[in-house]
Amino acid sequence: SPLGDLAAGISTCRLCPRLVAWRETVAVEKRASFADQPYWGRPIAGWGSETPRVLIVGLAPAAHGGNRTGRIFTGDRSGDWLFASLHRVGLAAQATSEHAGDGQRLIDARMVATVRCAPPDNKPTTEERDTCAPWIQTEIELVAPYVRAVVALGAYGWDAALRTFKGAGFDVPRPKPRFGHGARAVLTAPDGREVVLLGSYHPSQQNTFTGKLTEQMLDAVLGEAARA
Ligand code: SF4
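Scoring rules and cut-offs
- In this numbering scheme, every chain counts its residues from 1 along its sequence in written order.
- Only residues with pLDDT of at least 70 get local features here, since the model is predicted, and only at 80 or more are side-chain atom pairs given and counted; chain-wide, interface and lining totals rely on the full set of residues.
- UniProt positions are given in the numbering used here, feature names are shortened, and annotations may be inferred rather than shown by experiment.
- A run of H or I in DSSP becomes a helix once it reaches four residues, and a run of E becomes a strand once it reaches two; helices and strands are each numbered from the N terminus.
- Burial is judged by counting the other C-beta atoms within 10 Å of a residue's own C-beta: 20 or more makes it buried, 12 or fewer makes it exposed, and any count in between marks it as partly exposed, with every C-beta position built from the backbone.
- Whether two strands pair comes down to DSSP finding at least two bridges between them.

(A) The UniProt feature "domain: Uracil-DNA glycosylase-like" (unreviewed entry) in the protein chain, seen in detail. In the numbering used here, UniProt assigns the feature "domain: Uracil-DNA glycosylase-like" (unreviewed entry) to residues 45-222. Secondary structure over residues 45-222 splits into 34% helix and 16% strand, and the C-alpha atoms at its two ends are 22 Å apart.

(B) View of the pairing of strand β4 (residues 149-153). When you tally the buried positions in β4, you get 5 out of 5 residues, the bulk of the element. Here β4 shows a buried face lined by Ala149, Val151 and Leu153 and a second buried face lined by Val150 and Ala152. Pairing geometry for strand β2 (residues 54-58) and β4, over 4 bridges, is parallel. Looking across to β4, one finds that isoleucine 56 is bridged to valine 151.

(C) View of the sheet that holds strand β3 (residues 109-113). Strand order in the open sheet formed by 6 strands is β1-β3-β2-β4-β6-β5, with mixed pairing between adjacent strands. For this open sheet the edge positions go to β1 (47-48) and β5 (184-188), each flanked by a neighbour on one side alone. Here β4 runs beside strand β6 (residues 194-200); their pairing, made up of 5 bridges, is parallel. Residue pairing in the sheet places valine 150 in a bridge with leucine 197 of β6.

The structure is reproduced here in structure tokens:
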């Protein structure tokens, strides 16, 4: 499929020297701790439905989450939070996401990262973001005809969603809508179809440990997306 071909292309990308070095260094250092599992240590493609109604846009794979498992939001605490909520609102088959062969399945949903390699401190440079942009652009263009709702996890995903849907020919509001938890904006496809963009705080430990993001808050946004 075109998405499968795209995933194959992404998996061998080496365009950002700093991120290639980081993802491979972290992989070597961490591999011993997870010796019983395959260690990915490469760029990650989006995953989930090839005809998703809900698209979830994040920042980048976590060093010991997606970089290890090959699947975004898998194998770390952020993923535990996100999948528990996705399961509660009917978008994921299981409440946990531990490794790529755990039987987890997204239901009518797809997850994509804006930057496809794990960056140090979760902070890609602007140049790295721009170098990686064609991957998310192509992926969103392939799924956009099916999407009814987009959930941006964090301001980085919000900006990426606005930029990328605009690049795919959608009308996006001006001035640029501000990100916040529960923020919403309407993106209009060239054929007039409307797609709702919803903002959610990122389920990082920084947000979930401090109570800035509660389970109820995350369920509210993901539930609205699921109903769209
Ligand atoms: Fe390639 Fe994107 Fe990884 Fe850079 S961040 S090496 S462009 S996949």
